[in-house]
Amino acid sequence: MTSLGVVFEPQHPPELLREVVRVADAVGLEQLWLCEDCFAEGGISTAAAALAWSERVRIGVGVLPAPLRNVAVTAMEIATLERMFPGRTIWGVGHGNQQWMSQVGARVAAPLTLLREYLHALRSLLAGERITVRGRYIRLDDVALDWPPLTAPAVVVGGFGPRTLRLAGETADGVVTGTTLAGMPQAIDLTQQDRATDKPSADFSFMVQLVAATGPDAADRAEAEVRKLGHDIDDGLCAVGDAQSIAATIARWTQAGADTVILEPTPDEPDPVGFVRFIAEEVRHLLP
């Protein structure tokens, strides 16, 4: 079955999150995704608040930028929330926007190497292991969490490039990406190329993020947003229109291989609370 999520855009003030979370929980939305975009809102702090304000909706964080966060601190934060709210989160990790990383003095020469080292260390710590790492970027000396999660949470990679997709398949539980619809077969294949034989493809979640809008100006708002991302309206990255139209777009992506579709409203969405309600109440039941 397709999992469906909605993004709480960091362009909205943090004080609006409480109402969005409560509505998402009340109407049965499966996933609510939060961002850690410089210099808007923190992913860990918003996740903690969202978990405390809800009972059942899963909270995704997409994505924590590896260059910005010491891996041991990230593991501590995730483990703490997993102990308090077990099984309620999906944690995304990625390279971070390179311009933002430069602005804060965190940009590295080899982002893929850092992410590989980071993921191995993070997942080992969350699994309760005691580790020593002497990598190019990650240096840990006899480190273990006092309170590891009882069950290691899902850790996914946020990214688009071929090498990042291959790394996701090799080291993570899934990927959050924005590939084009036509590019889905190749993207899925890339995630499976380096996947270990003891990790079946069924255990890997392929998540796609689409720009979404409804209302009389939906097409114009969505097109403007995907063009900012360097894509064309025909790339399939927009889910726009009424409930039937949005559901039909989601169905095309699931048929192409996505098991989770995350709808990102445009930053100028006038009613983020109403958008969550619309997706959960009017779109969800139209999906398989």
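This is a predicted model, so every value here is computed, not measured.

Provide a residue-level description of the packing of helix α5 (residues 111-126) against helix α6 (residues 162-171), including the pertinent values.
At a closest axis distance of 11 Å, the pairing of α5 and α6 adopts a crossing angle of 15°. With respect to α6, the axis of α5 lies roughly parallel. You can see that α5 and α6 cross each other, and the crossing is right-handed. Packed against α5, whose contacting residues are Leu 112, Leu 115, Arg 116, Leu 119, His 120 and Arg 123, the element α6 presents Arg 163, Thr 164, Leu 167, Glu 170 and Thr 171 at the interface. Looking at the contact of α5 with α6 residue by residue, the classes come out as 4 nonpolar, 3 polar and 4 charged.

Quick rundown of the environment of Leu 229? Include the residues and the values.
Mapping Leu 229 onto the fold places it in the loop between α8 (218-228) and β10 (238-240). Taking the C-alpha atoms as reference points, Leu 229 and Gly 178, 51 residues apart in sequence, are found 9.6 Å from one another.

Account for α8, with residues named and values stated.
Along α8, the positions that sit buried rather than exposed are Ala 218, Arg 221, Ala 222, Glu 225 and Val 226. Looking straight down α8, one finds that the buried residues subtend no more than 125° of arc, so they occupy a single side. Every exposed residue of α8 that faces more than 90 degrees away from the buried side is listed here: Asp 220 and Lys 228. Structurally, α8 contributes buried residues whose contacts are with β9 (205-213) and β10.

Lay out the side chain of His 95 with the relevant residues and their values.
Take His 95: it is sitting in the loop between β4 (89-94) and α4 (98-103). On the basis of relative accessible area, His 95 is assigned to the buried category, the value being 18%. For His 95, the side chain forms a polar contact with the main-chain oxygen of Pro 111, separated by 3.5 Å. Separated by 2.9 Å, the side chains of His 95 and Thr 164 make a polar contact. For His 95, the residues in contact, after removing those within four places along its chain, are Pro 67, Met 101, Pro 111, Leu 112, Leu 115 and Thr 164.

Explain the packing of helix α1 (residues 17-27) against helix α10 (residues 272-283) to me, and be specific about the residues and the numbers.
Orientation of α1 relative to α10, taken along the N-to-C sense of each, is 15°, at an axis distance of 9 Å. If you check the angle between α1 and α10, you find them roughly parallel. Crossing handedness for the pair α1 and α10: right-handed. On the side of α1, the interface is formed by Glu 19, Val 20, Val 23, Ala 24 and Val 27, while α10 contributes Val 273, Val 276, Arg 277, Ala 280 and Glu 281. Considered class by class, the residues forming the contact of α1 with α10 number 7 nonpolar, no polar and 3 charged.

For the environment of Gly 174, give the residues involved together with the corresponding values.
Structurally, Gly 174 can be placed in strand β8 (residues 174-177). Placed 24 residues apart in sequence, Gly 174 and Asp 198 show a C-alpha to C-alpha distance of 15 Å. Those residues in contact with Gly 174 that lie beyond four places of it in its chain are Val 155, Val 156, Val 157, Ala 168, Phe 204 and Ser 205.

Got a sec to walk through the pattern of salt bridges? Specific residues and values, please.
Applying the stated criterion to the full structure yields 14 salt bridges. We note a salt bridge from Arg 166 to Asp 194, for which the minimum N-O separation is 3.0 Å. Of this pair, Arg 166 sits in helix α6 while Asp 194 sits in the loop between α7 (184-193) and β9, and the two are 28 residues apart along the sequence. Residue classification places Arg 166 among the partly exposed residues on the basis of a relative accessible area of 31%. Beyond isolated ion pairs, a larger network of salt bridges with shared partners links Asp 217, Arg 221, Asp 268 and Glu 269.

Give a detailed account of the pairing of strand β5 (residues 131-134), specifying residues and quantitative values.
Alternating residues of β5 divide into Ile 131 and Val 133, all buried, and Thr 132 and Arg 134, none buried. Inspection of the sheet shows β5 paired to strand β6 (residues 139-143) by 3 bridges, in the antiparallel sense. Across the sheet, the residue bridging to Val 133 is Leu 140, located in β6.

Lay out the nonpolar core in plain terms, naming residues and giving numbers.
Membership of the largest hydrophobic core comes to 83 residues, with the highest contact counts inside it found for Leu 122, Leu 140, Val 261, Leu 263 and Ile 279. Counting residues per element, this core draws most heavily on α5, which supplies 9 residues. Contacts of Ile 279, omitting those with residues within four sequence positions, involve Leu 4, Val 6, Leu 29, Leu 263 and Arg 284. Formed by 8 residues, the second largest nonpolar core is a distinct cluster that contains Val 7, Cys 35, Ile 90 and Val 176.

Explain the pairing of β8 residue by residue, including any values.
Along β8, one buried face is formed by Gly 174 and Val 176 and the opposite face, lined by Val 175 and Thr 177, is buried too. The pairing of strand β7 (residues 154-158) with β8 spans 3 bridges and is classified as parallel. Counted as the bridge partner of Val 156 is Gly 174 from β8. Taken together, β7, α6 and β8 constitute a β-α-β crossover, and its handedness is right-handed. The sheet contact formed by β8 and β9 spans 4 bridges and is parallel. Bridged to Gly 174 within β9 is Ser 205.

Cut-offs used in this document
Residues numbered from 1 in each chain as written. Predicted model: local features only at pLDDT ≥ 70, side-chain atom pairs only at ≥ 80, totals over all residues. Heavy atoms only, no water. Axes fitted to C-alpha atoms, helices over the stretch in contact; angles between N-to-C directions. Helix = DSSP H or I, 4+ residues; strand = E, 2+ residues; numbered from the N terminus. Parallel < 35°, antiparallel > 145°, perpendicular 65-115°, else oblique. Left-handed = near helix turned anticlockwise from the far one by under 90°. Contact = heavy atoms within 4.5 Å. Nonpolar A, V, L, I, M, F, W, Y, C, P; charged D, E, K, R; others polar. Buried < 20%, exposed > 50% of the residue type's maximum accessible area, 1.4 Å probe, protein only. Arc of directions from axis to C-beta. Polar contact = N/O pair within 3.5 Å; in protein donor to acceptor, adjacent residues only side chain to side chain. Salt bridge = Lys/Arg side-chain N within 4 Å of Asp/Glu carboxyl O. Pairing = 2+ DSSP bridges. Core = buried A, V, L, I, M, F, W, Y, C linked by side-chain atoms within 4.5 Å. Right-handed = clockwise from strand over helix to strand, strands pointing away.

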